[in-house]
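What the coordinates show
Here's the letter readout for the chains.
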Amino acid sequence: VYGNHDYHIDPCICTDDISQCAQVNADEHNLNFFVMPNYTYYKALPEMDLEIIAMDSNQFMEGWNHSITREEHTFADCVWTQCQDTCAGRAASRTGASFDLFYERMEKTAARNVLVFSHYPTDY
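A brief report on the enclosed structure follows. (Residues numbered from 1 in each chain as written. Predicted model: local features only at pLDDT ≥ 70, side-chain atom pairs only at ≥ 80, totals over all residues. Heavy atoms only, no water.)

Focus on the packing of aromatic side chains
We count it as follows: We call Phe, Tyr and Trp rings a pair once their centres come within 6.5 Å, taking the six-membered ring for Trp, and we label the pair stacked below 30 degrees between planes, edge-to-face above 60, and tilted otherwise. Numbering goes from the N terminus for both helices and strands, where a helix is a DSSP run of H or I of at least four residues and a strand is a run of E of at least two. Only protein chains enter the area calculation, which uses a 1.4 Å probe; residues under 20% of their type maximum are buried, those over 50% are exposed, and those in between are partly exposed. Placement of a charge over a ring requires the Lys NZ or Arg CZ to be within 6 Å of the ring centre, with the centre-to-atom vector within 35 degrees of the ring normal.
Applying the stated criterion across every chain yields a total of five aromatic pairs. Where Y7 meets F75, the ring centres are 5.9 Å apart and the plane angle is 70 degrees; that geometry is what we call edge-to-face. With Y7 in helix α1 (residues 6-9) and F75 in the loop between β2 (50-55) and α2 (84-108), this residue pair connects regions lying 68 residues apart in the sequence. Both residues of the pair, Y7 and F75, count as buried. Ring centres of F60 and F99 lie 6.2 Å apart, and the angle between their planes is 90 degrees; this geometry places the pair in the edge-to-face category. Of this pair, F60 sits in the loop between β2 and α2 while F99 sits in helix α2, and the two are 39 residues apart along the sequence. The same class applies to F60 as to F99, namely buried. Members of the aromatic cluster, each reached through a chain of ring pairs, are F60, F99, F102 and Y103. Here R70 stacks its cationic end above the ring of F99, 5.8 Å away from the centre of that ring. Note that R94 overlies the ring of Y39, its terminal NZ or CZ placed 4.6 Å from the centroid.

Some remarks on the side chain of N4
Worth spelling out the cut-off: In this description, contact between two residues means that some pair of their heavy atoms is separated by no more than 4.5 Å.
Inspection of the secondary structure puts N4 in the segment before α1. With a relative accessible area of 6%, N4 lands in the buried category. Those residues in contact with N4, other than ones at most four positions away along the chain, are N58, M61, F75, D77, H119 and Y120.

So, to be careful, I would describe these as geometric facts and stop short of saying anything about function.
Take a look at the structure:
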């Protein structure tokens, strides 16, 4: 998944058009790049009784700071992007979409094992 430094140069944080994201690659057979079909995604591996959920959690980059509320979290690295005016809203939207996907998959998956990962931990 994208981390804060990935968004500094990559145009992905400045657009809703996933095809403009330099690191997004949905082709599992193209091993010249790692597979990341979207900024948040899941992959079912029924033969392993496993589902993988990848989440964009850059909204919680300052999660170490316990003096701010969940609502006050923002993607501070927007200052390093080419779209400072829209970056924070897009980061918040992607974090929200990531949690929506997480809850949806937890409700629907038949897998007994679920691996969830993100760039920033959700348990600061």
